[in-house]
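In case you want the letters, here they are:
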Amino acid sequence: MINSRYQQALDYLYSFVDYETMHQPRDAANYDLRRMDELLNRLGNPHLKAGTVHIAGTKGKGSVAAMIASVLQASGYTTGLYTSPHLVDIKERFRVDGRTISDDELVELVAKMKPEVSEVNRQAKYGRLTTFELLTALTFCFFEQRKVQFQVIETGLGGRLDATNVVRPWVCVITTIGLDHTEVLGKKLPLIAKEKAGIIKQGVTVVSSPQSGDVMKVIKEVCRDKKASLIVAGDDIAWRGLGFERGKQHLIVEGTRDSYRLALPLIGSYQLENAATAVAALEVLAEKGFAVTKRSITEGLERVSWPGRFQVLSSRPAVVLDGAHNPTSANTLVNSLKSYFGVNWPQKFKPAALVLGVSIDKDLAGIVSMLGPYFERIIITRSRHPRAMATEELEAELKKQGLPVETVETVPQAVSRAKHLAGEEGLVVVSGSIFVVGEALEVLDRRHPDSRF
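Residues numbered from 1 in each chain as written. Predicted model: local features only at pLDDT ≥ 70, side-chain atom pairs only at ≥ 80, totals over all residues. Heavy atoms only, no water.

A. Structural view of the overall build of the protein chain. Secondary structure summary: the protein chain contains 16 helices and 17 strands in total. For the protein chain, the C-alpha radius of gyration of 21 Å lies close to 22 Å, the compact-globule estimate for 453 residues. Summarising its shape, the C-alpha atoms of the protein chain cover approximately 60 × 50 × 40 Å along the three principal directions. Buried residues in the protein chain amount to 58% of all 453 residues. Contacts in the protein chain between residues at least 24 apart in sequence constitute 73% of all its contacts with a sequence separation of at least 6. On the protein chain, roughly 18,200 Å² of surface is accessible, and the fraction owed to carbon and sulfur atoms is 48%. (Helix = DSSP H or I, 4+ residues; strand = E, 2+ residues; numbered from the N terminus. Rg over C-alpha atoms; globule rule 2.2 N^0.38 Å. Buried < 20%, exposed > 50% of the residue type's maximum accessible area, 1.4 Å probe, protein only. Contact = heavy atoms within 4.5 Å. Areas by Shrake-Rupley, 256 points an atom, 1.4 Å probe, with all protein chains shown as cover.)

B. Geometry of the pairing of strand 13 (residues 318-321). The alternating pattern of strand 13 places Ala-318 and Val-320 on one face and Val-319 and Leu-321 on the opposite face, and all of these are buried. Bridge count for strand 12 (residues 311-315) against strand 13 is four bridges, and the pairing is antiparallel. Across the sheet, the residue bridging to Gln-311 is Leu-321, located in strand 13. From the end of strand 12 to the start of strand 13, which pair antiparallel, there are two residues. (Pairing = 2+ DSSP bridges.)

C. View of the environment of Tyr-270. Mapped onto the elements of the fold, Tyr-270 is located in the loop between strand 11 (259-264) and helix 9 (271-287). With a relative accessible area of 19%, Tyr-270 lands in the buried category. Look past the residues within four positions of Tyr-270 in its chain and what remains in contact with it is Arg-309, Phe-310, Asp-322, Thr-332 and Ser-336.

And the structure:
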């Protein structure tokens, strides 16, 4: 049960403008890093107290962040990890050495921040602070309080104007860039790439996942302008999958410093690329003299945890959770199903059922066209999140594409229905939104507390 002081702290954080929950398009003009600088300066600049790895991208940035943090912890460093959004509980966003912030710590930090937030907003020289900016500032205060030596920071949206882009990183990482948040970042990949590449700092080494040609062109141009060296996974770093054994995905990564044989508990096919990207960033830190070794890379990646991304929860029926929220991610999910269950996976299960819920700003037609044809049963639903798409709109798109559809209004009921349809021999896949996956985890994994958006 949530105590009243903690609930009051949450209510305070959510009382500000929260672009994560807003239906209307977000206006890029509302983002101004100068108010973050002002707030953090008043708080003693906690964001500058630890070594930083800064990560932007469209796909895989959370996974890469979790991998890097796990290895830094295995290397002996007290390590903070900041990610967004959360799956179930807001406290998931703030972790030190794998442990989330406590209720009391969050309450105390909010109390510490309140007077400084009030003063920044009273003057409002650069606009008023938002919920995400407060969460980001709280993160840095939490990490300072816990005396972290490294902080792994995932951007929330974009990069150039993201609230996290106040850090001074040792290495910048850009994971695969695709079309997402086009209402803020632009409707063409080069425009989105320009925003994401905004995290690149003068003279700081950049690691990039494989990118399309027009995206890589932008990243290289920004690196030249900033005199930043660039390491590209797929060009400078190679990897090779070795298959699955005992619930882990095995691979070899050929880095610039060494070769690594890895056992990864994250089993989506896309995690091979993410692991190679993480290794490349970790080798940059090793090159700079930090105590990142072949052993700590191997051990850290073997221990990494990142729920909701091709997470297999059971076998009878097989239940897979994956927060694929755009057509590219949906296609990658299909490839992961093929890689893990075999090329004939749809015929293996009697039947294969999909639970699908999507946020209003996503490419519904593209997601449905990628996933829909593989499933005999499709159950559409919506999460509690304010930006969840109405089931009527989902239903219309599935019928338009000639796909079977059944509507169930809540995620728990949809998951229950899908498991009933699948029986012991079937497959249930829950996807389309990280928020739908989070609510599925609430009913499928009782260790998680209730969520709050």
